[in-house]
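Chain by chain, the residues run as shown.
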Amino acid sequence: MSTTVTITMQERRFFERIYQVAEQVPHGQVSTYGDIAIIVGGGCDARIVGLAMGDLGPRAAKVPWQRIINRSGGISTQGYNQRELLVAEGVEFDDKGKVLLDRFRWAGPSQEWATKHGFTPLPARSPGKEEDKSQMRLF
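Residues numbered from 1 in each chain as written. Predicted model: local features only at pLDDT ≥ 70, side-chain atom pairs only at ≥ 80, totals over all residues. Heavy atoms only, no water.

A. Looking closely at the overall build of the protein chain. Per the secondary structure count, the protein chain includes seven helices and two strands. A burial count over the protein chain gives 42% of its 139 residues as buried. By sequence separation, contacts in the protein chain at least 24 residues apart represent 66% of the contacts at least 6 residues apart. As displayed, the protein chain offers around 8200 Å² of accessible surface, 51% of which is attributable to carbon and sulfur atoms. (Helix = DSSP H or I, 4+ residues; strand = E, 2+ residues; numbered from the N terminus. Buried < 20%, exposed > 50% of the residue type's maximum accessible area, 1.4 Å probe, protein only. Contact = heavy atoms within 4.5 Å. Areas by Shrake-Rupley, 256 points an atom, 1.4 Å probe, with all protein chains shown as cover.)

B. The arrangement of the confidence of the model for the protein chain in detail. Within the protein chain, residue pLDDT values average 88, and 86% of them lie at 70 or more. Here residues 130-139 is a poorly scored stretch, pLDDT under 50, and it has 21 contacts once near neighbours within four places are set aside; other chains count. (pLDDT = per-residue confidence, 0-100.)

C. Expanded view of the nonpolar core. Grouped together as the largest cluster of nonpolar side chains are 29 residues, with contacts concentrated most on Ile 18, Ile 36, Val 49 and Met 53. Contributions of two or more residues to this core are made by helix 2 (15-22), helix 3 (33-40), helix 4 (46-54) and helix 7 (111-117). In terms of residue count, the dominant contributor to this core is helix 4 (six residues). In this view, Ile 18 contacts Ile 36, Val 40, Cys 44, Ile 48, Val 49, Ala 52 and Met 53; residues no more than four positions away in its chain are not counted. Membership of the second largest hydrophobic core comes to eight residues, among which are Val 30, Leu 86, Phe 93 and Leu 101. (Core = buried A, V, L, I, M, F, W, Y, C linked by side-chain atoms within 4.5 Å.)

D. How the structure looks around the packing of helix 3 against helix 4. Where helix 3 contacts helix 4, the axes come no closer than 8 Å and their chain directions differ by 105°. When the axes of helix 3 and helix 4 are compared, the pair comes out roughly perpendicular. Here Tyr 33, Gly 34, Ile 36 and Ala 37 of helix 3 lie close against helix 4, whose contacting residues are Ala 46, Val 49, Gly 50 and Met 53. Among the residues making up the contact of helix 3 with helix 4, the classes are represented as six nonpolar, two polar and no charged. (Axes fitted to C-alpha atoms, helices over the stretch in contact; angles between N-to-C directions. Parallel < 35°, antiparallel > 145°, perpendicular 65-115°, else oblique. Nonpolar A, V, L, I, M, F, W, Y, C, P; charged D, E, K, R; others polar.)

Below is the structure:
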């Protein structure tokens, strides 16, 4: 049984900014839905980033959707060869099928790029530090 997701205009207003940030994630690296939401700011959350990634349509050819994963390093899509695309970029997974975030997680845009385009850079992470749990846990 298929479920229909209704996307509000309030949510949709974030989509172009989400795509702009996702396009910055380099080949061979990944970002999380929550990280993208923090960079976009302004009330964007991980769920909205997930909706935007699911609504790419023809833009999927330009936006590297496969590089956006959930906060635990897992793949949230089914049947779209996301893992294969990431492996082809050199991204490695652990024995539970999770991306090795310590090695492949993008640190976010530079301060210069973020400021120039009206985004927020990610705060610096300490290796092994527990990540911020303020974003939704679904993604």
